[in-house]
Structure formats: C-alpha cells, structure tokens
Amino acid sequence: MPIIKPTSPALTSRINLLKSVSRVPCACCGRETLLPSKRQAACTSLEKPLKSVLDRLIPLLKNKQNILKALKKFAEAFPNLSFDKILENPACQNAINNSIKQFYGHKTNSKEKRDDLAKKLFAKIRTNVTQDLRSASTVMKRLESFKKYLTEDNLQIFEQLEIYAQKYPRKSLSEIVHSDEVYNFHKTRQKLFLQQKNDKFNFHIRNISRIVKQPFKEVSQQFYEIIEKDPLLLHYDNKTKIGKIKNAYKEILKQYNLEERKEEKVLTEIEKLPFERPFVDNFFIRAYEKDYTDTTVVDALINPQERSFEHIIPQISNGKDNIENGIILCRRCNSTRSSIPYSEYLQYHPEMIENTQKQIDYFARLILTGKLEADLMDWPIKVAKTLVNYTDGVVNCDISAYRKKALRKIEKQLPELQKEKKEIKAQQQALWQELDALKIEAEKNRLQRELYNNMINLLKTMNL
C-alpha cells in the first residue's frame, strides 16, 4: 500500500481557498455544502466552560468531595474548555474515571458493581456539566437555517427533534436523548423495522429463487456471501449498495443461462431489496447509549453536509496530492464514495456528471468576476482534464467558454503584470545594491577590528 504523504502548506492554502467560498454545490449530490466555520459556530455556541458550570455538581457530589476536587483541578487547568473538550484528551478522561472508581472502591468489593456505579455516576456528571442552558425549542429554532443543507435522512432526524422540542420545550437536547421514554420508543420501533426488513428481504430472495429455479437457501447464501466479501458495502448509500450487488450477481447469473427477460426480472427484484437503515431510530439509540451532549447532537446532525476536499484519483491508488486532483464534496458523499473508481461509482450516481459541471461553472464565474483569487485561475481547466482522463471521457466538463474568457482576462492584465514584473525587478536590483554596500561596510569594519587587534598586540609586545 502506498504511503499517503501529508498535505503540503501550499496545497493546503489553495484547498482552503476552494473551501472558503460560500454556497458551493457538492459535485456528487448537488446540495449546497456547509462551511466548516458555520458548523463549528453552531456547535461551539452550545458549549460552556467546565469552570462555569461546576456549581451544578455540588448537590450531586456533596458526599464525594475527592471527585469534585479532581474536576475543579481540570477546570482550573483548562479554564476556557468545556467538559467535552477536556475529555477529548484520554489522559483527562482516565483520571476522572479513576477518581470515581476509587470512591466506589471503598463501597463495594465487586469490580463489576463498582464499574457499573462508576459508569452511571460519570454519565450523570457529564449530563449535568454539558447540558445546554437554553431549551431544545430555542436551539431547534436557531438551527432552522441549517435545514437546507441536510440530507434526506438527517432531515427526518431534524424533524423528529423538532417534535420532541415541542413536546418537551423546557428540556435541553441532551436531556431529551437521554430520556428512557425516548430511548425505549426508538428501540421498539427499530426492532419492528428490522423484522419487516428481514421479511421483505426473504420475500424478494424467494422470488429470485423461483426465477433462477434454485433453492431459497442457496440463493440467500449467495447474497450473504456478496455482502461479506465487501466489508464497506453496508457503509455505502443505497444506490451504491444495490449497484454493487447487481454487478456481483450478474456474474452468478451467467451460470444459469437465463433468457434476457428473466435476467431483467431478477435485476428488478434486486433493486427492491431493502437496504435502508432506520436512521432516525439508530440516531436516538446511539445518542442515548453514547451519552450525547447538546453539542454532539447538533454536530452529528449537520456534520455530514460539511464540505471536504475529495481526491478524484484516490491517494491509495497513487493519486497525486495536488489541487487539480480534487473537487469539493460534502462529507457524506466523500465517505460513501470511499476509494471506488469513478468508472464504477458513476454507474450508481450518474447525476454526478451534471453536478460536477455545475461546481466547475460556479467556481469559474467567481474567478472571472474577481470574487475568487486569481491563484485558482488554472483550477477549472486542470481539474476538468483530470476528470476526463480518469473517467475515460465519461465526465467531460465543458470549459471551452471559461478557457476563452480566462485567456482574454490574462491578455488584458498582461501589460499590468509586465509593469509589476519590472517594478519587482527594479526593487530586487536596489536590494542587491544595498546588500553589496552592507557587505563592503562589513568588510571595512572587519579590517578595522583586525588593525585594532594588531596594534594592541604590538603595544603589549613593546611594554614587555
């Protein structure tokens, strides 16, 4: 496996230029991507420094002064950081956990009971010090502007949170997701969903087994083997999952020598296979089990639409780490594409061809109107060339109009650039002359010091 080199500072600077532009559409799904600074602002506004919320713990830890003392030490050491940020350091988290376990070590000899009590107390501490001072209803209203960025799945989660915010208007988001009532509801619904999904899966597998005239168990096993061969398969979006399974099963169908009509029926059945996940239920179950804070809830909700730099030719496939080998994708599309070659990925996401053109056109307009630095003048041309080469012409973005306009713009700027070049050259010559003068002066000073030292030595000799 090739070593992935760290991104160079020069490349980072140019990537940041691309990522700093507002309203950039994702080159895959076409949705507007979210500026990282906006996501960070939405999350950090929910965080409170540990120092400012320690008073909440006094009633909880009134008989556990050693634990409170340990927390106060961290609050003094990191006065501006929230409890969550402090816990990002494993050493800090271990120290807090150890102080809690030591307290319970005097209460019980059972390690399992002690660990269970420590875990419950840690969860209570975390809930107390990280919960938002504002109500869920206020937070959800403030997050209204982020709805346009959300994926379809996350939009469903957002709407469910809005329902809970109306039902429990005075509770914080963390209190809602830590509620046993909410957890049990989604756990039950998840179980029903998975049962229905399994029944639906078996129904379509039976239909396929009848068409290919093979036992249900054999056909079912074939599909499970396809899934097991690709460990990332369940991580992909539904279109990619179905596409990869169809391609894999086409190879199996060759041994049955089916008529074209029957083969199409089989592929139609595969398209109906249920690979959807209960995103809403999974979100609330995970939030409960992982002790999500208000900040974590918001971050998990809006993070998938944050923009990221996507390597067209993956670095793992010797793709170069340069600006012409990259486009802007949202985090969700970037992670679901993973390292799948575009020649395959475009079969599942043909809309990417049109959306990539839209992104290049968007950046081209900004460059030509001077709203984006001229440092990226060559990016649309070079990235279009990378795409057409890597996809064998499937993604062939039209940049002919941009090329002509960019050339005319450069020609207009040429006299000014030549003038600047002359001025820079003159400044360089003046600096060289100044440097030469300084060198001469330094040489004179050296000779004077040498003469002075010789005279001192001579005088000392004469005195002797």
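Above this note sits the structure.
Residues numbered from 1 in each chain as written. Predicted model: local features only at pLDDT ≥ 70, side-chain atom pairs only at ≥ 80, totals over all residues. Heavy atoms only, no water.

## Remarks on helix 21 (residues 379-390)
Right, so step 1: End to end, helix 21 covers 16 Å across 12 residues, agreeing with the expected 16 Å (1.5 Å per residue, within 8%).
Right, so step 2: Those residues of helix 21 that fall on the buried side of the exposure criterion are Trp379, Pro380, Val383, Ala384, Thr386 and Leu387. End-on, the buried residues of helix 21 take up no more than an arc of 160°, which puts them together on one face. The exposed set on the far side of helix 21, more than 90 degrees from its buried face, consists of Lys385 and Asn389.
Right, so step 3: Immediately downstream of helix 21, the backbone of Asp392 shows phi near 55°, a positive value. (Helix = DSSP H or I, 4+ residues; strand = E, 2+ residues; numbered from the N terminus. Expected span 1.5 Å × (residues − 1). Buried < 20%, exposed > 50% of the residue type's maximum accessible area, 1.4 Å probe, protein only. Arc of directions from axis to C-beta.)

## Thoughts on the pattern of salt bridges
Right, so step 1: Inspection of every chain in the model, using the stated rule, returns 26 salt bridges.
Right, so step 2: We note a salt bridge from Lys358 to Glu354, for which the minimum N-O separation is 3.7 Å. Separated by four residues within a single helix, Lys358 and Glu354 lie in helix 20 (residues 351-368), roughly one turn from each other.
Right, so step 3: Linked through salt bridges whose partners overlap, the residues forming this network are Arg39, Asp299, Glu306 and Arg331. (Salt bridge = Lys/Arg side-chain N within 4 Å of Asp/Glu carboxyl O.)

## Focus on the packing of aromatic side chains
Right, so step 1: Following the criterion strictly, the structure yields 15 aromatic pairs and no others.
Right, so step 2: By the ring-pair criterion, three or more aromatic residues cluster together here, those being Tyr164, Tyr168, Phe283, Phe284 and Tyr292.
Right, so step 3: Of note, Lys171 hangs over the ring of Tyr168, and the distance from its end group to the ring centre comes to 4.8 Å.
Right, so step 4: Over the ring of Phe216 we find Arg206, and its NZ or CZ is 4.7 Å from the ring centre. (Phe/Tyr/Trp six-rings, centres within 6.5 Å; stacked < 30°, edge-to-face > 60°. Lys NZ or Arg CZ within 6 Å of the ring centre and 35° of its normal.)

## Brief notes about the nonpolar core
Right, so step 1: Ranked by internal contacts, the top residues of the largest apolar core, which has 62 residues, are Phe223, Tyr249, Val266, Ile270, Ile327 and Trp379.
Right, so step 2: If one sorts the elements of this core by residue count, helix 20 sits on top with seven residues.
Right, so step 3: Each residue touching Val266, except ones within four places of it in the same chain, is listed here: Ile208, Ile211, Val212, Tyr249, Leu253 and Leu258.
Right, so step 4: Formed by 30 residues, the second largest nonpolar core is a distinct cluster that contains Phe146, Val182, Leu301 and Ile302. (Core = buried A, V, L, I, M, F, W, Y, C linked by side-chain atoms within 4.5 Å. Contact = heavy atoms within 4.5 Å.)

## Let's talk about the state of the cysteines
Here, the word disulfide means a covalent bond between the sulfur atoms of two cysteines.
Right, so step 1: Using the criterion set out here, one finds zero disulfides in the structure.
Right, so step 2: Just so you know, Cys330 is unpaired, no disulfide at all, and the nearest cysteine sulfur is the one on Cys333, 3.5 Å from it.
Right, so step 3: A disulfide-free cysteine, Cys397 has its sulfur positioned 13 Å from the sulfur of Cys28, the nearest such atom.
Right, so step 4: Overall, the relative accessible area of 7% leaves Cys397 in the buried class. (Disulfide = S-S within 2.5 Å.)

## A word on the packing of helix 2 (residues 36-44) against helix 17 (residues 294-302)
Right, so step 1: The contact between helix 2 and helix 17 brings their axes to 8 Å, and the two run at 155°. By the angle class used here, helix 2 and helix 17 are roughly antiparallel. Pair helix 2 / helix 17 crosses with right-handed handedness. Side by side, helix 2 and helix 17 meet where Arg39, Ala42 and Cys43 of the first sit next to Thr295, Val298, Asp299 and Ile302 of the second.
Right, so step 2: Taken together, the residues of the contact of helix 2 with helix 17 break down into four nonpolar, one polar and two charged. (Axes fitted to C-alpha atoms, helices over the stretch in contact; angles between N-to-C directions. Parallel < 35°, antiparallel > 145°, perpendicular 65-115°, else oblique. Left-handed = near helix turned anticlockwise from the far one by under 90°. Nonpolar A, V, L, I, M, F, W, Y, C, P; charged D, E, K, R; others polar.)

## A look at a nonpolar patch on the surface
Right, so step 1: Side chains of Trp432, Leu435 and Leu438 sit close together on the surface and give an oily, nonpolar patch of about 330 Å² of accessible area.
Right, so step 2: Of note, Leu438 is situated in helix 22 (residues 400-463). (Patch = residues over 30% accessible without salt bridge, like charges linked within 9 Å, V, L, I, M, F, W, Y side chains within 5 Å. Areas by Shrake-Rupley, 256 points an atom, 1.4 Å probe, with all protein chains shown as cover.)

## Things to note about the environment of Asp294
Right, so step 1: Mapping Asp294 onto the fold places it in helix 17.
Right, so step 2: Its relative accessible area of 1% is what places Asp294 among the buried residues.
Right, so step 3: Through-space distance from the C-alpha of Asp294 to that of Glu175 is 8.5 Å; in sequence the pair is 119 residues apart.
Right, so step 4: Of note is the side chain of Asp294, whose polar atom sits 3.1 Å from the backbone nitrogen of Leu173. (Polar contact = N/O pair within 3.5 Å; in protein donor to acceptor, adjacent residues only side chain to side chain.)

## Points about the pairing of strand 1 (residues 307-311)
Right, so step 1: Within strand 1, five of the five residues are buried, which leaves it mostly tucked inside the rest of the structure.
Right, so step 2: Burial along strand 1 is two-sided: the face carrying Arg307, Phe309 and His311 and the face carrying Ser308 and Glu310 are both buried.
Right, so step 3: In terms of strand pairing, strand 1 meets strand 2 (residues 326-330) through five bridges, oriented antiparallel. Residue pairing across strands places Ser308 opposite Leu329, the latter belonging to strand 2. (Pairing = 2+ DSSP bridges.)

## Some words on the pairing of strand 2
Right, so step 1: By the criterion of burial, strand 2 is predominantly enclosed, with five of the five residues buried.
Right, so step 2: In strand 2, alternate side chains face the same way, and those of Gly326, Ile328 and Cys330 on one face and Ile327 and Leu329 on the other are all buried.

## Regarding a positive patch on the surface
Right, so step 1: A cluster of basic side chains, namely Lys404, Lys405, Arg408 and Lys412, defines a positive patch on the protein surface.
Right, so step 2: Residue placement: Lys405 occurs in helix 22.
Right, so step 3: Among the residues examined, Lys405 registers a relative accessible area of 44% and is labelled partly exposed. (Lys, Arg positive; Asp, Glu negative; His and termini not counted. Charge placed at Lys NZ, Arg CZ, Asp CG, Glu CD.)

## Here we look at the side chain of Gln190
Right, so step 1: With respect to the helices, strands and loops of the structure, Gln190 is situated in helix 12 (residues 180-212).
Right, so step 2: A distance of 2.7 Å separates a polar atom in the side chain of Gln190 from a polar atom in the side chain of Asn282.
Right, so step 3: Residue contacts for Gln190: discarding those within four places in its chain leaves Pro278, Asp281, Asn282 and Ile285.

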